[in-house]
Amino acid sequence: KYTALNFAIERSTAELIGCLDADSYVSPDSLIEVVKKFEDDQEAHAIMPAMKVAEPKSMLERMQAVEYTFGVFYKKMFDNIGALNVLPGPFSFYRRSVFEKIGLFHHAHNTEDMEIAFRMHAHGLKIVNAHHAIVHTNVPKTLRALLKQRTRWSQGFLENSRDYA
């Protein structure tokens, strides 16, 4: 994924660079909310959305929907103390200057969205949460797929934490 992102960034001339995962869709006013955040906070180098589960049907999907709802609150709270540790693939936005200052995405233990957030913190670049910018994403439908996803996220967090300790 990081190679596709880098390919697009290198060819873009835009001041704001956005990412969107194929399994996600954005609420109608989300782009406006992101742009307003950048306009309101000139120190913001990246904006992350509020993530919600897209149309949960099964019990497992509903459990993840509750978890994501708590995540919206936690990200809002962590935003207030400057401690956001991931810029999720679906609908995160960056100022071009981020890539000019710290470089493009890295492979980063299969969690490039987490690594770039850690790297931004290491360089003193501010990440902001736009909790009114809603992105809906699909979640794992089986326990096995959920375990695989969360193992990748946890391993990525530990390995990226070690890299930036």
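Before reading further, recall that the structure is shown in the block above.
Only a predicted model underlies this, so the values are computations on that prediction, with no experimental measurement involved.

(A) Spotlight on the environment of Phe99. Along the chain, the position of Phe99 falls in helix 4 (residues 96-102). Expressed as a C-alpha distance, the spacing of Phe99 and Asn6, which sit 93 residues apart in the sequence, is 9.6 Å. Dropping the residues within four chain positions of it, Phe99 is found in contact with Ile9, Ile17, Tyr94, Leu104, Phe105 and Ile116.

(B) Expanded view of the nonpolar core. Leu87, Tyr94, Phe99, Phe105, Ile116, Met120 and Ile127 are the most contacted members of the largest nonpolar core, which has 18 residues in total. For this core, the elements supplying multiple residues, two or more each, are helix 1 (2-11), strand 3 (44-53), helix 4 and helix 5 (112-122). Core analysis: the next-biggest nonpolar cluster, separate from the first, contains 15 residues, Val53, Ala65, Tyr68 and Val139 among them.

(C) Local environment of the pattern of salt bridges. This model, assessed by the stated rule, comprises nine salt bridges. Lys1 is the partner of Glu112 in a salt bridge, and the nearest nitrogen-oxygen pair spans 3.6 Å. With Glu112 in helix 5 and Lys1 in the segment before helix 1, this residue pair connects regions lying 111 residues apart in the sequence. In this structure Glu112 comes out as buried when scored by relative accessible area, which is 8%. Residue classification places Lys1 among the partly exposed residues on the basis of a relative accessible area of 46%. Between Glu61 and Lys141 there is a salt bridge; the shortest N-O distance is 2.7 Å. Here Glu61, found in helix 3 (residues 59-80), pairs with Lys141, found in the loop between strand 5 (126-137) and helix 6 (143-163); they are 80 residues apart in sequence, far enough to count as distant. Among the ionic contacts, a cluster of salt bridges with common partners joins Lys1, Asp21 and Glu112.

Rules and cut-offs
Residues numbered from 1 in each chain as written. Predicted model: local features only at pLDDT ≥ 70, side-chain atom pairs only at ≥ 80, totals over all residues. Heavy atoms only, no water. Helix = DSSP H or I, 4+ residues; strand = E, 2+ residues; numbered from the N terminus. Contact = heavy atoms within 4.5 Å. Core = buried A, V, L, I, M, F, W, Y, C linked by side-chain atoms within 4.5 Å. Buried < 20%, exposed > 50% of the residue type's maximum accessible area, 1.4 Å probe, protein only. Salt bridge = Lys/Arg side-chain N within 4 Å of Asp/Glu carboxyl O.

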